[in-house]
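# Descriptive analysis of the structure
These are the residues of each chain, in order.
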Amino acid sequence: MQTLAGDFRRQDRTVAFVPTMGYLHDGHLSLLAAGRQMADILVVSIFVNPTQFGPGEDYDNYPRDPERDRRLAENAGTDVLFMPEKDQLYPEGYETYVTQTHLPKHLCGLSRPTHFSGVTTIVAKLFNIVKPHYAVFGEKDYQQLAIVRKMTADLNFDTRIVGAPIVRESDGLALSSRNKYLTPQQRQSALSLNRALAEAQRMVAEGETRAETIIEKAVQIITAQPETEIDYVRICDPETLEDAAVIDHPVLMALAVHVGQTRLLDNTMLALQSGEQQ
Ligand code: AMP
């Protein structure tokens, strides 16, 4: 992969890169379509990265279907499908990690303290291997996107990070490989995540500016559903991820909820209509 990537750069062919953990769905495919459009070569990686899973998390059970993924990636116009083995990227004696100081301390980082150093480490390694001109990440994992953007700037990677919007099922559930774990009843409960975000948008459109009031309502909507347990519901600055008490500029509303054993994420931006800006 590294030799190929060097050849592409020498031949002045631009490379777009989409890193994934596989079990591809339409959310991933939207990233592949965006990457396909922006560069000469589309590289897709599939690697379930052990260093971003904490103890007791679902690394061993993470859904995998490499044959189906291969077909989907090929149909989406992928030029190179990179599927390294765990021991190739983390051979015995591996001991170097990339960590970031501030952004990982918020949102998901509070309940998954080692997760983002696993993410920054694998993304840095993949960037050094694939040498992409563009890399596409989903806004579904908003904090990951923010952290990768910051890492790319801080470490001077020659790669432009592109964010892609959340792809949802027709009933509003954000697509995720982990949705496969949900029973039909849990899937019903999971719809409350997007409903809570839609209600927040409605409240803001009607002039509500207090984050606390909006969060309370979201918590009510989600906890009314069986088998839900909230990890966090937060309204924060989209750059720093620091809590925002008042919606006086566009803010991020992000949530993480356990539905049964499955931890789901969703988020949206909240902004007053321009006439209402204070
Ligand atoms: P994953 O395989 O879960 O690590 O995700 C690989 C990439 O796909 C990440 O950049 C995710 O943010 C993105 N992604 C996952 N689900 C969605 C979705 N529903 N809409 C858009 N992008 C997504």
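Here is what the cut-offs are and how they apply
- Counting restarts for each chain, with residues numbered from 1 along the sequence as it is written.
- Predicted model: local features are reported for residues with pLDDT of at least 70 only, side-chain atom pairs are reported and counted for 80 or more only, and whole-chain, interface and lining totals are derived from all residues.
- With hydrogens and water set aside, each side-chain value is computed from the structure's full complement of heavy atoms.
- Secondary structure elements follow DSSP: runs of H or I of four or more residues count as helices, runs of E of two or more count as strands, with numbering from the N terminus.
- For the radius of gyration, the atoms used are the C-alpha atoms, and the globule rule reads 2.2 Å times the number of residues raised to 0.38.
- We call two residues in contact whenever any of their non-hydrogen atoms come within 4.5 Å of each other.
- His residues and chain termini do not enter the charge count, which takes Lys and Arg as positive and Asp and Glu as negative.
- All charge positions are set by atom: Lys at NZ, Arg at CZ, Asp at CG, Glu at CD.
- Throughout the structure description, domain borders are defined by an automatic or database domain assignment.
- Buried area, as used here, totals the accessible surface that two parts lose on assembly, with accessibility defined by a 1.4 Å probe and the loss added over both.
- Note on definitions. A residue lies near a molecule or strand when any single heavy atom of the residue is within 4 Å of it.
- In protein, a polar contact means a hydrogen-donor-capable atom and an acceptor-capable atom, both N or O and within 3.5 Å, with residues adjacent in sequence counting only if both atoms are side-chain atoms; elsewhere, any N or O pair within 3.5 Å suffices.
- Note on areas: Shrake-Rupley with a 1.4 Å probe; residue coverage comes only from the protein chains shown.
- Aromatic rings from Phe, Tyr and Trp, with only the six-membered ring used for Trp, were paired whenever their centres fell within 6.5 Å, and each pair was classed as stacked if the ring planes differed by under 30 degrees, edge-to-face if by over 60, and tilted otherwise.
- Buried residues are those whose accessible area, probed at 1.4 Å on protein chains only, stays under 20% of the maximum for their type, while exposed residues exceed 50% and partly exposed ones sit between those limits.
- Charge over a ring is defined by NZ of Lys or CZ of Arg lying within 6 Å of the ring centre and within 35 degrees of the ring normal.

### So, the overall build of the protein
- Helix and strand counts for the protein come out as nine helices and eight strands.
- Against the compact-globule benchmark of 19 Å for 278 residues, the protein has a radius of gyration of 19 Å, which places it among compact chains.
- Referenced to the eigenvectors of the C-alpha coordinate spread, the extents of the protein come out at roughly 55 × 40 × 35 Å.
- Looking at the protein alone, contacts between residues at least 24 apart form 72% of all its contacts between residues at least 6 apart.
- Positive and negative charge centroids in the protein, built from 27 and 37 side chains respectively, lie 3 Å apart.

### What to know about the domain arrangement of the protein
- Its domain assignment divides the protein into domain 1 (2–164) and domain 2 (177–269).
- Using only C-alpha atoms to locate each centre, domain 1 and domain 2 end up separated by 26 Å.
- At the interface, 21 residues of domain 1 touch 18 residues of domain 2.
- At the boundary of domain 1 with domain 2, total buried surface from both sides reaches about 1,800 Å², with 56% on carbon and sulfur atoms.
- The largest per-residue losses of area from domain 1 upon contact with domain 2 belong to His106, Leu107 and Tyr142, which jointly make up 35% of the total buried on that side.

### Overview of the site of the ligand
- Surveying the vicinity of the ligand reveals 17 residues, the closest of which are His28, Gly138, Asp141, Val167 and Leu175.
- Met21 is positioned such that a nitrogen or oxygen atom in its backbone is 2.9 Å from an oxygen atom of the ligand.
- Leu175 has a polar backbone atom sitting 2.9 Å from a nitrogen atom of the ligand.
- Calculation on the ligand without its partners gives an accessible area of 480 Å², and the protein chains cover 93% of this total.
- Looking at the shell around the ligand, the elements with two or more residues in it are strand E1 (15–20), helix H2 (26–38) and strand E4 (134–138).

### Re the packing of aromatic side chains
- Enumeration according to the criterion identifies eight aromatic pairs in this entry.
- For the pair Tyr90 and Tyr94, a centre-to-centre distance of 5.0 Å together with 90° between the ring planes defines the contact as edge-to-face.
- Relative to Tyr97, the ring of Tyr94 has its centre 5.6 Å away and its plane inclined at 85°; by these criteria the two rings are edge-to-face.
- For Tyr94, a relative accessible area of 24% puts it in the partly exposed group.
- Following the ring pairs from residue to residue traces out a cluster consisting of Phe17, Phe127, Phe137 and Phe157.
- One cation-aromatic arrangement involves Arg64 over Tyr59; the distance from NZ or CZ to the ring centre is 5.2 Å.
- Over the ring of Tyr90 we find Lys125, and its NZ or CZ is 5.4 Å from the ring centre.

### Concerning the environment of Ser117
- Among the structural elements, Ser117 can be located in helix H6 (residues 115–130).
- Since its relative accessible area comes to 24%, Ser117 is described here as partly exposed.
- Taking the C-alpha atoms as reference points, Ser117 and Ile147, 30 residues apart in sequence, are found 9.8 Å from one another.
- The residues touching Ser117, leaving out its near neighbours within four places in the chain, are Val98 and Thr99.

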